[in-house]
Amino acid sequence: MRSVRGLQQLVSRQSLHHHHLHHHHLHTKPSVGIIGAPFCKGQPRGGVERGPDLIRAAGLLTKLHELECAVKDYGNLKFEEAELDGPEGVLKNLKAVGSFNQKLSEAVQAVKKDGHTTVMLGGDHSLAIGSIHGHSAAVGDLGVVWVDAHADINTPLTTSTGNLHGQPLSFLVKELQSTVPTLPSFSWLKPCVSSKDLVYIGLRDVDPGEHYILKMLGVKMFSMSEVDQLGVSRVMEETCDYLSTRGNKPIHLSYDIDAIDPTVTPATGTPVVGGLSYREGVYITEYLRQTGRLSAVDLVEVNPLLGKTEEGVTSTVSTAVDVLLGCFGRFREGNHPSDYELPKP
């Protein structure tokens, strides 16, 4: 049994956080810069390159305008097939992944220079390399929130598949620099994220080498066990409290749609049972929006060829849109324009 005092403290803390979650209702609306990254070479399944256009076609821009966001769509980055891009050892498509991410990094830097919150629509999760690198190059040190069923922190030497979408964080995390071999295709890339500025949410399929790395570095993580134990509200409270102790850096949210349970988002390359519910998935972005520090978002791994049914594809894409709208001020309680006036008889 809790003591009366313990209960009072709990109630007081919850009401404080309830206030924290809603006191930004009238925040200045962000301006959003959208980059499409129709790229699939970080993994073996075709179709994920269609993600950016599908998410746009589901009404993302219109719905952002309805939230009174200024929106600039920078279009899709062009992917040019790299010549002679055979495997190097176990690693696949190194040249393609390296060169596309370099272009993406430059594109993200340009969007940040224009003063927007960046939204990068993938594509596969190898794109986080260029997205996070470009964001950091533009604004300095970042806090990274990685929402995913997978840790994506295999190194080129621990990977069993050679697919680079399972390795992006090993290229980005400073403390892993000595474990990553020199690769000519990534000579442009300097690691830019401290392992102490990284928080995972939703993990449930982690390779042994990745698990060793996470424990060795003491990375903050909330697997699905912690989400079950604590509830998503407490997970987000602890995530943001932890990031504030690290100095309130701009936040980069990298969101893999497979973090959400495949009953909701089946159209993705590596689905894993037992994921976030729709409600938990959207709550994460609503909460991060309230910090006022969300500076860039990746939404990756929507693959319409893997949805099995039309309903599965629609559910995956519309959930991706809702996750993004949560980042920019849509509340499930409803919204109204700032200049709305009740009509009088």
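Going by the structure above, here's the rest.
Residues numbered from 1 in each chain as written. Predicted model: local features only at pLDDT ≥ 70, side-chain atom pairs only at ≥ 80, totals over all residues. Heavy atoms only, no water.

**Some details on the packing of helix H10 (residues 278-290) against helix H11 (residues 310-327)**
The geometry of H10 relative to H11 is characterised by a closest axis approach of 6 Å and an angle of 25 degrees between their N-to-C directions. Accordingly, the angle class assigned to the pair H10 and H11 is roughly parallel. Read as a crossing pair, H10 and H11 show a hand that is right-handed. For the pair formed by H10 and H11, the contact residues are Tyr278, Gly281, Val282, Thr285, Glu286 and Arg289 on the first element and Thr319, Asp322, Val323, Gly326 and Cys327 on the second. Among the residues forming the contact of H10 with H11, the class breakdown is 4 nonpolar, 4 polar and 3 charged. (Axes fitted to C-alpha atoms, helices over the stretch in contact; angles between N-to-C directions. Helix = DSSP H or I, 4+ residues; strand = E, 2+ residues; numbered from the N terminus. Parallel < 35°, antiparallel > 145°, perpendicular 65-115°, else oblique. Left-handed = near helix turned anticlockwise from the far one by under 90°. Contact = heavy atoms within 4.5 Å. Nonpolar A, V, L, I, M, F, W, Y, C, P; charged D, E, K, R; others polar.)

**Quick look at the pairing of strand S5 (residues 198-203)**
Buried residues dominate S5, accounting for 6 of its 6 residues. Strand direction decides the pairing type here: strand S4 (residues 143-147) and S5, joined by 4 bridges, are parallel. Paired with Val145 across the strands is Val199, a residue of S5. Handedness of the crossover joining S5 and strand S6 (residues 220-223) through helix H7 (residues 208-217): right-handed. (Buried < 20%, exposed > 50% of the residue type's maximum accessible area, 1.4 Å probe, protein only. Pairing = 2+ DSSP bridges. Right-handed = clockwise from strand over helix to strand, strands pointing away.)

**Description of the side chain of Asn101**
Summarising the element assignment, Asn101 is placed in helix H4 (residues 94-113). On the accessibility criterion, Asn101 (0% relative accessible area) is buried. A polar contact of 2.8 Å, which involves the side chain of Asn101, links it to the backbone nitrogen of Gly130. (Polar contact = N/O pair within 3.5 Å; in protein donor to acceptor, adjacent residues only side chain to side chain.)

**Some thoughts on H10**
With 13 residues, H10 extends 19 Å from end C-alpha to end C-alpha; this agrees with the ideal 18 Å at 1.5 Å per step. Within H10, 11 of the 13 residues are buried, which leaves the element mostly enclosed by the surrounding structure. Residues of H10 that are buried: Glu280, Gly281, Val282, Tyr283, Ile284, Thr285, Glu286, Tyr287, Leu288, Arg289 and Gln290. Phi turns positive, to about 75 degrees, at Gly292, one or two residues after H10. (Expected span 1.5 Å × (residues − 1).)

**Observations regarding unusual backbone geometry**
Between Gly122 and the following residue, Gly123, the backbone shows a cis peptide bond with an omega angle of 20 degrees. Mapping Gly123 onto the fold places it in the loop between strand S3 (117-122) and helix H5 (128-139). Positive phi is not limited to glycine here, since Glu68 has a value of about 65 degrees. Mapped onto the fold, Glu68 is located in the loop between helix H3 (60-66) and strand S2 (70-76). Residue classification places Glu68 among the partly exposed positions, given a relative accessible area of 32%. A positive phi angle, close to 65 degrees, is found at Lys308, a residue other than glycine.

Just distances and angles here, no functional claims.
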